[in-house]
Every structure is written in C-alpha cells, then in structure tokens.
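Breakdown of the fold
Below, each chain spelled out in residue letters.
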Amino acid sequence: MQRSLERIIADFTCEFWKTAHLLNIQKEGSSQSEMIDMLDPILRRQCGYGIGCTGLGGGNFVYLDDAIFTGNRIITDLSDWMVEQDPEKATLRIVVIVLHRLGRYWIEQNLERIKAGREIDVSFKGYELENRQSYRNRSDVLWPTEETYSDDDFLPRQPGERTSTFFSGGQGRQLLESEFLNAGIRIRGLARDPAPQLKPLGYTSASFRGTPGFGSLFVTYRNCPNTCPLALWWGDPAAHPSHPFSKWYPLLPRKTYGG
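This report concerns the structure included in the present document. Please read these numbers as outputs of a predicted model, since none were measured by experiment. (Residues numbered from 1 in each chain as written. Predicted model: local features only at pLDDT ≥ 70, side-chain atom pairs only at ≥ 80, totals over all residues. Heavy atoms only, no water.)

A few words on the sheet that holds strand β1 (residues 20–23). Pairing within the open sheet is parallel, and its 4 strands lie in the order β1-β2-β3-β4. Looking at the sheet topology across the chains shown, the edges are occupied by β1 and β4 (119–129). Taking each pair of neighbouring strands and ignoring which way they run, the sheet shows an average axis angle of 25°. Sheet topology note: the strand β2 (residues 60–68)/strand β3 (residues 89–100) ladder contains 8 bridges and is parallel. Bridging from a neighbouring strand, N60 pairs with T91 of β3. Sheet strands in contact with helix α1 (residues 2–9) are β2, β3 and β4, and its direction is about 145° off that of β3. (Pairing = 2+ DSSP bridges. Helix = DSSP H or I, 4+ residues; strand = E, 2+ residues; numbered from the N terminus. Axes fitted to C-alpha atoms, helices over the stretch in contact; angles between N-to-C directions. Contact = heavy atoms within 4.5 Å.)

So this is what it looks like as structure tokens:
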C-alpha cells in the first residue's frame, strides 16, 4: 500500500505538495487521517519536508484516501466542506490508490450540483478499475455471466477472454465469480432481515443496478470494504452461537465505523 502511494505521490511535484492543503474531513472512519500520516515519511524522503510544511499558499486542496468504491462517502464529505468553507475558487485533487469508474462518475455528477457556481477545478488520480454497466464485459470487478446467475434485474457479463487485465483468464474468473456468488447467496440467507443493499458480491446502492453486488476485490491491511463479496468479511467467530454471524467465519474480518 505504501509503495502504491509512493508511485502516485511521485506524479506530483514537490512544489505542488508544499502548496497543497491536505483535507482531513471524513465524518466516518480513519482511512483519510491514516493516509495523511503515511504521506509524511514519503514526502520527507522524496522532497525533504513533511506534512507540517504543506499548505503554505495557493488554493490547492487534496482529498487523500485509499480507494473510491461507490463514491458516496466522498460526496458527503465534500458537500459538507463546500458548505462550511465556501471556497469561491480552488483546485481540488482527489488522490486515491484505487478508484472504481462508476464511483468516479457519481462523484463528478454530484460535484456539479455541490459546486453551485463556484470555480472549483476537480481532478482525480489513482489506479482506475472498470465497473460501469456499459463496460461490464471487460470489468475489473466480479460480474457473473448468465451461466452462473439468473435474476430478472441481472445484466450478465458475456463470457470469454476479452476480459480485463485484472483477471488472468476467463475460465478462472468465472469459477471465482461462481464460488463467491454461491457463498454469498448462502450467507445472505443466514441473515435475519438482510438490507436490500446487502448482496452476495458485496454491499451496493440503488445506482449500481444489474449486478448481484459491487464485486470489488480491493482489500488493504487496514480493512476489508463491505463492497467486497460477503464471503470475505461477513460473520463473526466471537458471536453467540445463536446469532447468524456465528454461522460463517470470515477470511478478512471487517472493522465497522462504530467498532
């Protein structure tokens, strides 16, 4: 994760970071503050100064985080920031290790509304993963084929080798999708009253239609996102035997915001 951040940071000049105001505005979670802490030694090695010497002038703002999934959290954070700070003119750089393209699309759509006439130049930096519906045949997330899943609202990915470089081969990908999907369906059946957003391949929102879940495979040492398949993070081995969580042992136990 640190090496990935180093490569992204290197795409900006030391002069840019010296004038950049690092936003620490997340309402939930600690990923942003931890990423800022991780940035400090990188700047010291590459530029000879730490984050204490940043934000010395100009209107450059940086929203730093590990990933963009649905984009909902960034939309909320930036909406509040625009209201509280009311910048009339600024440059905003959203810098992440990984960003999913549909999440980026929703952020861009909402920012037009949030900016409300302000001169805010927004750009993104990060390794992009394809997950837009129109590009599902070469998506970089788990997106089952018609052979492995059937549902009235489902838009299947066409099988074949014309997949993304994220997966090594079409046949292995289908097997992985099928196994995670079947496990997720079983897990969802264990939940007492599962929310409609809780799908076999990960938590999703109403704007992400046509799939049995978000299907992300991006996990860091910090946490496993709930947009990953349920088989990776759902459940709790410490739960009481009568609780549904006790029925599944997660490979990557998830830390919630309240936990």
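Below, the discussion takes up the state of the cysteines. Considering all chains together, one arrives at 1 disulfide under this definition. Paired through a disulfide, C14 and C47 show a sulfur-sulfur distance of 2.1 Å. Here the disulfide of C14 and C47 is left-handed, its torsion about the S-S bond being about -85°. With a gap of 33 residues between them, C14 in helix α2 (residues 14–19) and C47 in helix α3 (residues 31–47) connect regions that are remote in the sequence. C53 carries a free sulfur, and the closest cysteine sulfur to it, the one in C47, is 11 Å from it. (Disulfide = S-S within 2.5 Å.)

So, on to the packing of α1 against α3. Where α1 meets α3, the closest approach of the two axes is 10 Å, and the angle between their N-to-C directions is 60°. Classified by the angle between their axes, α1 and α3 sit oblique to one another. Where α1 crosses over α3, the handedness of that crossing is right-handed. Residues Q2, L5, E6 and I9 of α1 lie in contact with α3, whose contacting residues are M35, M38, L39, P41, I42, L43, R45 and Q46. Broken down by class, the residue content of the contact of α1 with α3 amounts to 8 nonpolar, 2 polar and 2 charged. (Parallel < 35°, antiparallel > 145°, perpendicular 65-115°, else oblique. Left-handed = near helix turned anticlockwise from the far one by under 90°. Nonpolar A, V, L, I, M, F, W, Y, C, P; charged D, E, K, R; others polar.)

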